Amino acid sequence: MSPPSLDLDTPPQALNPDEAARLVESLREVIRHHDYLYYVEARPEISDGEYDRLFRRLQELEEAFPHLITADSPTQRVAGEPREDLPTLRHAAPMLSLDSTNEAAEVRRFDERVRKGLGGRAVEYLLEPKLDGVSLELVYEAGVLVRAVTRGNGEEGEGVTENVRTIPTVPLRLRDRVRPVPPFLSVRGEVLMYLSDFEALNQQLVEEGLEPLANPRNAAAGALRQLDARITARRPLDLLAYDILALEGAEFKEDREVLEALRDWGLKTPERVALASTVEEILEYHASYARDRDRLDYEIDGIVVKVNDLAARAVLGTTSRHPRWALAFKFEPRKEITRVERIVVSVGRTGVLTPVALLRPVEVGGVTVSRASLHNRDELRRKDIREGDLVRIQRAGDVIPQVVERVEEPSRERKPPFEMPDRCPACGSPVKIRGPFTFCPNRFGCPAQLKGRIVHFAGRRALDIEGLGDEKASLLVDRGLVRELADLFDLSVEDLKGLPGFADKAATNLVEGIRRAKSTELRRFLFALGIPEVGEAVARDLAEHFLKVVRTRAAVEKGEGRGAGSDLAAEALDALRRASQEELQQIDGIGPRMADEIYDFFQDPRNAEAIDRILAKGIRFREAVGQEGGALAGKRFVFTGALERLSRSQAKALVEGAGGRVMSGVSRETDYVVAGSEAGSKLDKARELGTRVLSEEEFLRLLEEAGVRVP
Ligand code: IVH
């Protein structure tokens, strides 16, 4: 119900600024309250029409009095311009992960350890569903949402504030009707996409000629990582909060109170939270949730058991990765029965031939499954799966569906066993056999391997080129547009326009995505190359090792650290390409076998030429090489307003090149706010906090003093 005093009719011109300011504030409060009732509590008190009227009134007043617009106004959920990349931001406290099990016996052992750790005291556990979404940190300063950060490596993640602001259940300002708002609050929660929304989204993607997403979690993760918040706004997401990472100005004794406070502050929390004091009660809760799991409209993959008493948690402490006071008790993977319609052989980027069962489509926990890997020749023989067989399949989390076993059908006649082909189905080369694996040795000529390499190269954790999945990669190879990875960088909108699946913006988006990918980090680039045995972690270790080597060398040669980062990263890559097996083996975690593979890869002249051709397309590394040594090491910058001499991304690259960091929001940790023309609320915030504010000129001078070359 809107208070009778709310003036919805006086034309804005007839209001004086003070009246307008008061009215805008009241409208916002009322709208926030109705947002809360509608989205969080799902019990609206006014009609959509009445709500729209309030909202339009606020918009109208903000238009007439633009100086009244604040970032936390309900009208400001969706930001204007797309960004060029997502900033890396540090969490207020590490975001740990949970130890997990799917056995009751492990739960018993956990309970014993907890009791022992607490000197035999009675223990109370808080039980929650384990939500299968994307973990996120939300930071509120003085009740206002200032940043949202993905979990990343647990220490730092990607700043996705603009995107998270579009999630209707995330308050832009905490409610203070029930409980005072703390000066600082960092919340952990899970971003979800509902199964029904996921299905609808996939249908829409398919209709647009795009590839469907694998599961709701990937869909949520993808939506969160958009550079354009307007796209995120169109993806239906929800956020459930379940933990406080850091807090000032309030204290709690129990986790139960924490959840209550989160709800009071206007956040949504998981459903059906319960308390338990025995393992039996935990098992019962687990079983009951397992039974109801299929009736939920979102994915949960188990329950979480947490010690309720916060002082007891402190006593138990954490290992380097997991708290000792919590355990994820997972569900058994979901199983379904279906028929193998056909067995085909797919060739991956490394040339391995994998038998794949094409299944009669079946729904497994809300996701339709139509293919499953049969792994290799030995597995195929061991499970004795043939075309036409009835099989039991399972899907655990986002793991590719597995064929568990064959279901006997005594009266049915079976087809003969499936034989792996002796020629590569993609290029016809005679296959080679290594242990249980069959592979195609035609590394450089086989189109299937090239397709796989393209998809890997473009992957999210590699060069992160959106819209370049299996289908698009196949198309590019089949049409002869891409004969090797470097060709990707020559693709033009004209090349793509009109190809199936490249309607309207898809062509421009892909070309733009490829262009953006030229600016990357060395570790991503190394991972993207698809060097045998080199996964993400090894790629990172290699990058770090060789960056250190060249940095030390540069410091010795010049007697000082250096500013510009891109050259150092390119030198590091050169050093890696020239490294001997012995040198590689000295890196932690790289054994003789891996060292050989890496060495062989870089020594093969065809690889070396392919890499040179990719680099020649203008790859630039933006490793923050100065992290320990740069002149701006550890300094945190925030940009607001438009700069004249530099683009935002140039400014960012310069700061990062000198070891500084660029954050999206102003907080007490910000060292400098660089204010261009038409600086917005961040400038106000900086003044409020007393943060040092630099004009563009002062910023350029600071860079100069730091020895950074400004282009
Ligand atoms: S508590 C330190 N509670 O499960 C403990 N986690 O590794 C913090 N998750 O990625 C986590 N539902 O994001 C907690 N009710 C819940 C959860 C939950 C899902 C996620 C969490 C993390 C993973 C566990």
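Here's what I pulled together on the structure shown here. Values in this document were obtained by computation on a predicted structure and should not be read as measured data.

**Quick notes on the packing of aromatic side chains**
Next, step 1: For the structure shown, the criterion picks out twelve aromatic pairs.
Next, step 2: When the centroid spacing of 6.2 Å and the interplanar angle of 80° are considered together, the rings of Phe457 and Phe489 count as edge-to-face. Here Phe457, found in helix H12 (residues 447-458), pairs with Phe489, found in the loop between helix H13 (470-478) and helix H14 (493-496); they are 32 residues apart in sequence, far enough to count as distant.
Next, step 3: The structure contains a cluster of three or more aromatic residues connected by ring pairs, namely Phe637, Phe639, Tyr672 and Phe699.
Next, step 4: The ring of Tyr36 carries the charged tip of Arg175 above its face, separated from the ring centre by 3.8 Å.
Next, step 5: It is Arg313 that lies over the ring of Trp325; its NZ or CZ is 4.0 Å from the centre.

**What to know about the sheet that holds strand E3 (residues 125-131)**
Next, step 1: The five strands are arranged E2-E11-E10-E3-E9 in an open sheet whose pairing can be described as mixed. On the outer flanks of this sheet lie strand E2 (100-101) and strand E9 (274-276), each paired with one strand and no other.
Next, step 2: Bridge analysis of E3 against strand E10 (residues 300-307) gives seven bridges, and the strand direction is antiparallel. Along E10, the bridge assignment pairs Pro129 with Ile303.

**Observations concerning the nonpolar core**
Next, step 1: Within the largest apolar cluster, 63 residues are counted, with the highest numbers of intra-cluster contacts made by Leu526, Leu542 and Ile598.
Next, step 2: Excluding residues that lie within four positions of it along the chain, Leu542 makes contacts with Leu526, Val534, Leu576, Leu584, Ile587, Ile590 and Ile598.

**A few points about the side chain of Thr75**
Next, step 1: Positionally, Thr75 belongs in the loop between helix H2 (48-64) and strand E1 (88-90).
Next, step 2: For Thr75, a relative accessible area of 17% puts it in the buried group.
Next, step 3: At 2.9 Å, the side chain of Thr75 and the side chain of Gln76 are in polar contact.
Next, step 4: When sequence neighbours within four positions are dropped, the list of residues in contact with Thr75 reads Phe55, Leu58, Gln59 and Glu62.

**Comments concerning unusual backbone geometry**
Next, step 1: In this structure, Arg272 is a non-glycine residue whose phi angle is positive, near 60°.
Next, step 2: Arg272 sits in the partly exposed class, given a relative accessible area of 39%.
Next, step 3: The backbone phi angle of Asp384 is positive, close to 50°, even though this residue is not glycine.
Next, step 4: For Asp384, the location among the structural elements is in the loop between helix H11 (377-383) and strand E15 (390-395).

Each value, and the rule that gives it
Residues numbered from 1 in each chain as written. Predicted model: local features only at pLDDT ≥ 70, side-chain atom pairs only at ≥ 80, totals over all residues. Heavy atoms only, no water. Phe/Tyr/Trp six-rings, centres within 6.5 Å; stacked < 30°, edge-to-face > 60°. Helix = DSSP H or I, 4+ residues; strand = E, 2+ residues; numbered from the N terminus. Lys NZ or Arg CZ within 6 Å of the ring centre and 35° of its normal. Pairing = 2+ DSSP bridges. Core = buried A, V, L, I, M, F, W, Y, C linked by side-chain atoms within 4.5 Å. Buried < 20%, exposed > 50% of the residue type's maximum accessible area, 1.4 Å probe, protein only. Contact = heavy atoms within 4.5 Å. Polar contact = N/O pair within 3.5 Å; in protein donor to acceptor, adjacent residues only side chain to side chain.

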